[in-house]
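Examining the three-dimensional arrangement
One letter stands for each residue in the lines below.
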Amino acid sequence: RDKPEEDGPGRDETVLEGSWKLLDASRGSFSNVTCRNPRGSVFEAWSSDWAFSNLSVRCAGVPAAKPTCFMAHRRAFLSIKHSSLAPLDSARRGEVAHHGIFAAGSAVVEADQCSLSSFRSCGVHAEDNACV
């Protein structure tokens, strides 16, 4: 869905809504988009190779779902540059954003020049052999 940008005449902003599963052996990139999910995590990568730049990523959801902006599992490699990660402003009462970046297994996430707002648990979390 496109909408006019407030600070530039005639410019459009691409908005992706919902959850995006980036499955095994997939690869690609996202840039210059706004991504949001009011019901859970936004990007979930499984053993895939993706690059992200100039994104605004927002999430929210019920605490049990542990909504996260970026989740990397198994052998995923994510490169995130010049992006903003935060809880969704319009979250309903009791809904939260758990992490900005979560990595598990042997996942590697590189984050460069990104801003992370306050998340319920922490902005960045890695477990097993993963690293951020």
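Everything below is about the structure shown above.
Since the structure is predicted, the reported quantities are computational estimates derived from the model, not experimental observations.

1. As for unusual backbone geometry
A positive phi angle, close to 55°, is found at N32, a residue other than glycine. Here N32 shows up in the loop between strand 4 (27-31) and strand 5 (33-37). Even without a glycine there, the phi angle at Q113 is positive, about 55°. The topology assignment puts Q113 in the loop between strand 13 (108-112) and strand 14 (115-116).

2. Here's the deal with the environment of A97
Within the element layout of this structure, A97 appears in the loop between strand 11 (84-87) and strand 12 (99-103). Along the backbone, A97 and S118 are 21 residues apart, and their C-alpha atoms lie at a distance of 8.7 Å. Look past the residues within four positions of A97 in its chain and what remains in contact with it is C59, P67, P87, F119 and R120.

3. Structural notes on the sheet that holds strand 6 (residues 43-46)
Across the sheet, 5 strands lie side by side as 3-6-9-12-15; this open sheet has parallel pairing. Two strands close off the open sheet at either side, each with one partner strand: strand 3 (20-22) and strand 15 (122-126). The mean angle between the axes of side-by-side strands here comes to 5°, regardless of whether they run parallel or antiparallel. Two elements, strand 3 and strand 6, share 3 bridges in a ladder whose sense is parallel. What sits directly across from W20, in strand 6, is F43.

4. A word on the side chain of H98
Mapped onto the secondary structure, H98 falls in the loop between strand 11 and strand 12. Excluding residues within four positions of it along the chain, H98 makes contact with K66, P67, T68, F119, R120, S121 and C122.

5. Description of the sheet that holds strand 13
Spatial strand order, 4-7-10-13: 4 strands in an open sheet with parallel pairing. Of all the strands in the sheet, just strand 4 and strand 13 have a single pairing partner and so form its edges. With strand direction ignored, the average angle separating the axes of adjacent strands in the sheet is 10°. Relative to strand 13, strand 10 (residues 77-81) runs parallel, the two being bridged by 5 bridges. When the sheet's bridge partners are listed, F77 is paired in strand 13 with V108.

6. Some remarks on a nonpolar patch on the surface
A surface patch of nonpolar side chains, amounting to about 210 Å² of accessible area, comprises L116, V124 and V132. Along the chain, V132 falls in the segment after strand 15.

7. Considerations on the environment of G61
Its place among the elements puts G61 in the loop between strand 8 (56-59) and strand 9 (68-73). Exposure remark for G61: the relative accessible area of 0% places this residue in the buried category. Non-local contacts of G61, meaning those with residues more than four positions away in its chain, are made with P38, R39, G40, P67, E95 and V96.

Cut-offs used in this document
Residues numbered from 1 in each chain as written. Predicted model: local features only at pLDDT ≥ 70, side-chain atom pairs only at ≥ 80, totals over all residues. Heavy atoms only, no water. Helix = DSSP H or I, 4+ residues; strand = E, 2+ residues; numbered from the N terminus. Contact = heavy atoms within 4.5 Å. Pairing = 2+ DSSP bridges. Axes fitted to C-alpha atoms, helices over the stretch in contact; angles between N-to-C directions. Patch = residues over 30% accessible without salt bridge, like charges linked within 9 Å, V, L, I, M, F, W, Y side chains within 5 Å. Areas by Shrake-Rupley, 256 points an atom, 1.4 Å probe, with all protein chains shown as cover. Salt bridge = Lys/Arg side-chain N within 4 Å of Asp/Glu carboxyl O. Buried < 20%, exposed > 50% of the residue type's maximum accessible area, 1.4 Å probe, protein only.

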